[in-house]
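Single-letter residue listing:
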Amino acid sequence: MQGRPVALVTGANQGIGLQVAKDLTAKGFTVLLGSRNTKRGEAAAKDVGPNAVALQLDVTDLGSITAAAVRVRKEFGRLDVLIQNAAITTTSDHHAQTPQEYVAANRPSVVSLDELRAVWDTNVFGVLAVYQAMVPILRDTPNSRIVNVSSGAGSLTLASDPNSPMHASFDATYAASKTALNGLTVAMAVELEADGIKVNAVSPGYTKTRMSPGGTDAVEDGAAEAVRVALLGSEGATGTFTHATFGTIPW
Ligand code: NAP
């Protein structure tokens, strides 16, 4: 695996993250499959093939993040691409609620603060903690980049438009966590401009996974934009928010 560029994908043991890992190994990367559960990560890495390595990484556990960064530095000495993909919508059973029930339970007036904190811990603070641990390695790797996997659900422009389907479904928990992630994306892009490190947000679209069993797109489609942005040339953009077919999404 010596000499190959290295990508780390968080939450890569299933869903869109797993597909991104498959696609990046096909593009010549050694891919570190971040997984909070070691066994699930190892099974996924085996499924992806010889250029995949399981990396225990719970984005809500600082000890796990620090150990992962030490391992990346020691075993690989570089990090060309960081894909921040891990996220949750709820701490309870994903299939228990319809999307309408989810939105109703996560309106600002009724949402459980504990539930909201737990979701933001993964989707917002977890992303920032992984960023802080990995930035020194990214800075030491020429032409490195970060892709934050966001969602069109986090767009304040769409949420504020009464004619958009995102308007009525804008909830305080998941959707607003992706808005916060978008804010972090811009802050990271501004910070890393001088280093030449690109930081972009992508929306996979409504993709059939454990998180979205009713999704209309296949994981291959959901992974496509993260992979495209991960492979942008050195002249490519930073601080953008895009979808594979819709192009630029308004913040
Ligand atoms: P998924 O199938 O539920 O996969 C989520 C992944 O994140 C799993 O591997 C999960 O690990 C991992 N994860 C959760 N909490 C974690 C933690 N604390 N530490 C590390 N990993 C953790 O969901 P998905 O649909 O592939 O979602 C991937 C990304 O796309 C997310 O950022 C999501 O918000 C975004 N997205 C998805 C859709 C969609 O329609 N599917 C639409 C827009 C945006 P476990 O297996 O251990 O639970």
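Residues numbered from 1 in each chain as written. Predicted model: local features only at pLDDT ≥ 70, side-chain atom pairs only at ≥ 80, totals over all residues. Heavy atoms only, no water.

S.K.: Sorry, what's going on with the overall build of the protein here?
M.R.: Scanning the protein for helices and strands turns up 9 helices and 8 strands. Whereas a compact globule of 251 residues would reach a radius of gyration of roughly 18 Å, the protein reaches 17 Å, a difference of no more than 12%. Seen through its principal axes, the protein has C-alpha atoms that stretch 50 × 40 × 30 Å. Buried positions account for 49% of the 251 residues belonging to the protein. Contacts in the protein between residues far apart in sequence, at least 24 positions, make up 68% of those at least 6 positions apart. If you sum the accessible surface of the protein, you get close to 11400 Å²; carbon and sulfur atoms cover 56% of it. (Helix = DSSP H or I, 4+ residues; strand = E, 2+ residues; numbered from the N terminus. Rg over C-alpha atoms; globule rule 2.2 N^0.38 Å. Buried < 20%, exposed > 50% of the residue type's maximum accessible area, 1.4 Å probe, protein only. Contact = heavy atoms within 4.5 Å. Areas by Shrake-Rupley, 256 points an atom, 1.4 Å probe, with all protein chains shown as cover.)

S.K.: Could you clarify how one ought to interpret the site of the ligand in this entry?
M.R.: If you check the shell around the ligand, you find 29 residues, and the closest are Asn13, Arg36, Asn85, Tyr174 and Thr209. Interatomic distance of 3.3 Å between a backbone N/O atom of Gly205 and an oxygen atom of the ligand. Summarising the interface, the protein chains cover 98% of the accessible area of the ligand, which totals 900 Å² for the free molecule. For the shell around the ligand, the secondary-structure elements that each account for two or more residues are helix H1 (15-26) and helix H8 (174-192). Of the residues in the shell around the ligand, the class split is 11 nonpolar, 13 polar and 5 charged. (Near = heavy atom within 4 Å. Polar contact = N/O pair within 3.5 Å; in protein donor to acceptor, adjacent residues only side chain to side chain. Nonpolar A, V, L, I, M, F, W, Y, C, P; charged D, E, K, R; others polar.)

S.K.: Which parts of the structure should I look at to understand helix H3 (residues 62-75)?
M.R.: Residues spaced three or four apart along an α-helix face the same direction, because each turn holds 3.6 residues. With 14 residues, H3 should reach 20 Å at 1.5 Å per residue; the first-to-last C-alpha distance of 20 Å fits that figure. Of all the positions in H3, only Ser64, Ile65, Ala68, Ala69 and Val72 are classed as buried. Down the axis of H3, the smallest arc covering the buried residues is 135 degrees, so these residues share one side. Facing away from the buried surface of H3 by more than 90 degrees, the exposed residues are Leu62 and Lys74. For H3, the secondary structure elements touched by its buried residues are strand S2 (30-35), strand S3 (52-56) and helix H5 (113-139). Looking at where H3 begins, the residue whose side-chain oxygen comes 2.9 Å from the main-chain nitrogen of Gly63 is Asp61. A positive phi of about 70 degrees marks Gly77, the residue just after H3. (Expected span 1.5 Å × (residues − 1). Arc of directions from axis to C-beta.)

S.K.: So what exactly am I meant to see when it comes to the sheet that holds strand S6 (residues 198-203) here?
M.R.: The strands making up a sheet associate through hydrogen bonds between their backbones, and the pairing can be parallel or antiparallel. Strands sit in the order S3-S2-S1-S4-S5-S6-S7-S8 across an open sheet of 8 strands; the sheet is mixed. Two strands close off the open sheet at either side, each with one partner strand: S3 and strand S8 (247-248). Pairing of S2 with S3, which is carried by 5 bridges, proceeds in the parallel orientation. By the bridge assignment for S3, Ser35 is matched with Gln56. Packed onto the sheet, H3 meets S2 and S3 and runs at close to 145 degrees relative to S3. (Pairing = 2+ DSSP bridges. Axes fitted to C-alpha atoms, helices over the stretch in contact; angles between N-to-C directions.)

S.K.: Please explain the pairing of S6 as it appears in this structure.
M.R.: As a general feature of sheets, a regular strand has side chains that alternate between the two faces. By the criterion of burial, S6 is predominantly enclosed, with 6 of the 6 residues buried. Alternating residues of S6 divide into Lys198, Asn200 and Val202 and Val199, Ala201 and Ser203, and every residue in both groups is buried. As paired strands, strand S5 (residues 145-149) and S6 are joined by 5 bridges and run parallel to one another. If you follow Ile146 over to S6, its bridge partner there is Val199. Of the strand pairs in this sheet, S6 and strand S7 (residues 241-243) are connected by 3 bridges, and their pairing is parallel. The partner of Ser203 across the bridge, within S7, is His243.

Remember that the coordinates give geometry; whether it matters functionally is a separate question.
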